[in-house]
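# Fold and geometry: a report
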Amino acid sequence: MPWFNVDDGFSDHPKTIRVGNAAVGLWTRAGSWCAKQLTDGFVPAEIATLYGTPSQARRLVSAGLWQEVEGGFQFHDWEKDGRNPTRKEVEKRRRSEAERKQRWRESNAAKSQQSQVSDDCPGGTQPSVPPSVPRVSHPSTPLHSTPLKEEKKTTSSSSRAKRGQRIPDDFTVSPEMVEWARAKVPHVDGRRETEKFINYWQAASGQKAVKRDWPATWRNWMLNAADHAPTRQARSQSPTDAFAEQFLAAGRQPTQPPLRALPGGAS
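These remarks concern the structure in this document. Computed from a prediction, not measured in an experiment: that's the story for all the values here.

Turning to the pairing of strand S3 (residues 72–75), a few remarks are in order. Sheet analysis places strand S1 (residues 42–44) next to S3, joined by 3 bridges and oriented antiparallel. The residue bridging phenylalanine 42 from the neighbouring strand is glutamine 74, located in S3. In this sheet, S3 lies alongside strand S2 (residues 66–69) in antiparallel orientation, the contact comprising 4 bridges. Looking at the pairing, glutamate 68 lines up with phenylalanine 73 of S3. Connecting S2 to the antiparallel partner S3 that follows it, the hairpin turn spans 2 residues, and glycine 71 within it adopts a positive phi of roughly 85 degrees.

Further remarks concern the sheet that holds S3. Strand order across the open sheet formed by 3 strands is S1-S3-S2, with antiparallel pairing between neighbours. Here the strands that pair on one side only, and so sit at the sheet edges, are S1 and S2. Mean inter-strand twist for the sheet, computed between neighbouring axes without regard to direction, equals 30 degrees. Helix-sheet contacts for helix H2 (residues 21–37) involve S1, S2 and S3, and the interaxial angle to S1 is about 105 degrees.

What follows covers the packing of aromatic side chains. Tallying each qualifying case throughout the model produces 15 aromatic pairs. Between phenylalanine 4 and phenylalanine 75 the ring centres are 5.7 Å apart and the planes differ by 70 degrees, which places this aromatic pair in the edge-to-face class. Highlighted residues: phenylalanine 4 in the segment before helix H1 (14–19) and phenylalanine 75 in strand S3, separated in sequence by 71 residues. Neither phenylalanine 4 nor phenylalanine 75 differs from the other in exposure class; each is buried.

Right, let's talk about the nonpolar core for a bit. Core analysis: the biggest nonpolar cluster contains 22 residues, and Val19, Trp27, Val43, Leu60, Trp66 and Phe75 have the highest contact counts within it. Going through the elements one at a time, H2, helix H3 (45–51), helix H4 (54–63) and S3 are the ones with two or more residues in this core. Counting residues per element, this core draws most heavily on H2, at 8 residues. In this view, phenylalanine 75 contacts Phe4, Trp27, Ala30, Gly31, Cys34, Gly41, Val43, Leu65 and Trp66; residues no more than four positions away in its chain are not counted. Counting residues in hydrophobic clusters, the runner-up holds 18 residues, among them Trp180, Val188, Ile198 and Trp201.

Definitions and cut-offs
Residues numbered from 1 in each chain as written. Predicted model: local features only at pLDDT ≥ 70, side-chain atom pairs only at ≥ 80, totals over all residues. Heavy atoms only, no water. Pairing = 2+ DSSP bridges. Helix = DSSP H or I, 4+ residues; strand = E, 2+ residues; numbered from the N terminus. Axes fitted to C-alpha atoms, helices over the stretch in contact; angles between N-to-C directions. Contact = heavy atoms within 4.5 Å. Phe/Tyr/Trp six-rings, centres within 6.5 Å; stacked < 30°, edge-to-face > 60°. Buried < 20%, exposed > 50% of the residue type's maximum accessible area, 1.4 Å probe, protein only. Core = buried A, V, L, I, M, F, W, Y, C linked by side-chain atoms within 4.5 Å.

None of this, on its own, says anything about what the molecule does.
This is the structure:
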């Protein structure tokens, strides 16, 4: 959209003062109309009488702001020093702008079609493309397929698991953990220490109560208990052995131990 430009010294120019405000109003409205219609400053007589009066038009001619020509009036020095663009300049600029927008639309259309080709042809294959559409080389690496999303989901779940959790409500000692206790902490009362371990961590709060590996935490607890447990050389069966026996033989009813003979032959 072209503009009708007015010099910043026009407001107090001697010609402006001489013609008066009414004639200046006609001059301004007619200039805006010329810019819109691309007449290069030509004002038809009917437009001059539509926006003003014949007297005002004569004032503008008398002051040298307009020139009377066949069929109307002509602005004085309309395009001098680039004051107002000519029809030729405006049309050239409009064509250039239209071509620029067309290239932008074609480029976007080509990108959209290429994206569709990539989505529809995994592995880098490409159907025939019209010659007008620029060809974009595909990377040698095939496009990822749906299983990659599943792998990503699995990885995310694994990452969340590695952040740790509180001790499970159903925490139990596995047979492997029992065998470990047999070998590493034979003199620790396994059942009692496990109960203490569960009670302690269920009551704990804050970040310290969150662990990534609860079996490992249990093993450390048992090692610490072994460090503070007294050594009993004369013990026939360690608490851990008893704990393991009860755990591994769960469900077996204990047998009644034989009665020892009392002193003096009493039974």
